[in-house]
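Here's the letter readout for the chains.
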Amino acid sequence: MEELKPVKEGKVREIYDNGDSLIMVATDRISCFDVILHNTVTKKGTVLTQISKFWFDYTKDIVPNHMITVDNNEMPEFFRQDRFVGNSMMCRKLDMLPLECIVRGYITGSGWASYQKDGTVCGIKLPEGLKESEKLPEPIYTPSTKAEIGDHDENISYEQSIAHLEKHYPGKGKEYAGKLKDLTIALYKKCADYALTRGIIIADTKFEFGLDEDGNIVLADEMLTPDSSRFWPLEGYEAGKSQPSFDKQFARDWLKANDGKHDWTLPQDIVDKTIEKYLEGYRLLTGKEL
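This report concerns the structure included in the present document. Since this is a predicted model, take the numbers as computed values, not measurements. (Residues numbered from 1 in each chain as written. Predicted model: local features only at pLDDT ≥ 70, side-chain atom pairs only at ≥ 80, totals over all residues. Heavy atoms only, no water.)

Turning our attention to the sheet that holds strand β2 (residues 13–18). Across the sheet, 5 strands lie side by side as β1-β2-β3-β7-β6; this open sheet has antiparallel pairing. Where the open sheet ends on each side, the last strands, each with one partner, are β1 (8–9) and β6 (67–69). Relative to strand β3 (residues 21–26), β2 runs antiparallel, the two sharing 6 bridges. Its bridge partner lying in β3, N18 is registered against S21. Those strands touched by helix α1 (residues 44–59) are β2, β3, β6 and β7 (88–92), and its axis lies near 40° from that of β7. (Pairing = 2+ DSSP bridges. Helix = DSSP H or I, 4+ residues; strand = E, 2+ residues; numbered from the N terminus. Contact = heavy atoms within 4.5 Å. Axes fitted to C-alpha atoms, helices over the stretch in contact; angles between N-to-C directions.)

This is the structure we're talking about:
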């Protein structure tokens, strides 16, 4: 069997060219603060792929998505090896739009830091007196540019997103920017409402979109995974403090607390607790064991 090589490798994902489709493999690598850690987190790639599949199925009435199948038997033989089972998704090829579509329903993280400084998040003025982790009156859309590996994404305003898209798609910037904003908010609202019924708060997330051969906007990449979102348990939620989460915040917090002493390696118990969080998030959202 021929050994296939990825055509593109991200911090966590590997993308293989499959002729008229792509196969996206979520590895067990973990990245924090834009650095790939030395540890791997067993089963993490499978959690990411299966959660994305769940959400793609749940939202296809709002916007089409790039998923063709997660069944390895429908993929080339190379992807039927154990290391690809469960963590691989065959996808449509798209022309990816150069924006990360970020939506925030609660004020936390860099948004909270910015709000404390001047009452805004990514240039959007928010009501006075909000507490850390508080639910916003309405979700806000805060797009960013997509950075190459090793660089940081740059937050931009909605107006800047029009100009950014116009540069790549002359005459279409305003139309695409408006559609991306509307789709991002609609997806977030539907999924956040569902997650609440399962005991999870989705504080914020990011989506990516591409264009198909007919110029239609299609949802792509990963969707509402613990890598692209902040998931908090509804039980015990209280505004005014930071929240425990079902994502890699656990690993981030440990790295921050041990700044300069870790060489980007997590102790095994932190790795174990991190995957526990991912699995618990999957279980709560889907009602299934992985």
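Attention now goes to the packing of aromatic side chains. In total, this model carries 19 aromatic pairs according to the counting rule given. Taking the centre distance of 5.1 Å and the plane angle of 45° together, the rings of F78 and F84 count as tilted. The two residues F78 and F84 agree in class, both being buried. Taken together, the ring pairs connect Y16, F78, F79 and F84 into an aromatic cluster. The ring of Y158 is capped by K181, whose NZ or CZ atom sits 4.9 Å from the centre of that ring. Just above the ring of Y58 sits the side chain of K190; from NZ or CZ to the centre is 4.6 Å. (Phe/Tyr/Trp six-rings, centres within 6.5 Å; stacked < 30°, edge-to-face > 60°. Buried < 20%, exposed > 50% of the residue type's maximum accessible area, 1.4 Å probe, protein only. Lys NZ or Arg CZ within 6 Å of the ring centre and 35° of its normal.)

Taken together, the side chains of D269, D272, E276 and E280 make up a negatively charged region of the molecular surface. Of note, E280 is situated in helix α6 (residues 268–286). (Patch = residues over 30% accessible without salt bridge, like charges linked within 9 Å, V, L, I, M, F, W, Y side chains within 5 Å. Areas by Shrake-Rupley, 256 points an atom, 1.4 Å probe, with all protein chains shown as cover. Salt bridge = Lys/Arg side-chain N within 4 Å of Asp/Glu carboxyl O. Lys, Arg positive; Asp, Glu negative; His and termini not counted. Charge placed at Lys NZ, Arg CZ, Asp CG, Glu CD.)

A separate point is the packing of helix α5 (residues 249–257) against α6. As a packed pair, α5 and α6 sit with axes 8 Å apart at the nearest point and diverge in direction by 150°. By the angle between their directions, the pair α5 and α6 is classed as roughly antiparallel. Residue-level contacts link F250, A251 and W254 of α5 to I270, K273, T274 and K277 of α6. (Parallel < 35°, antiparallel > 145°, perpendicular 65-115°, else oblique.)

Moving on: the pairing of β2. Direction of pairing for β1 relative to β2: antiparallel, over a ladder of 2 bridges. Bridge pairing in β2 links E9 to E14. Where β1 folds back onto β2 in an antiparallel hairpin, the turn is made up of 3 residues. Between β2 and the antiparallel strand that follows it, β3, lie 2 residues; G19 among them carries a positive phi value of about 75°.

What the rule picks out here adds up to 19 salt bridges. In this structure, D17 and K93 form a salt bridge, with 3.0 Å as the shortest nitrogen-oxygen distance. Taken as a pair, D17 in strand β2 and K93 in the loop between β7 and β8 (95–96) lie far apart in primary sequence, 76 residues in all. Under the relative-accessibility criterion, K93 is labelled partly exposed at 34%. As a salt-bridge pair, E100 and K206 come within 3.7 Å of each other at their nearest N and O atoms. Here E100, found in strand β9 (residues 99–106), pairs with K206, found in strand β14 (residues 200–211); they are 106 residues apart in sequence, far enough to count as distant. Residues participating in the shared-partner salt-bridge network are E100, K146, K206 and E208.

These figures capture arrangement, not role.
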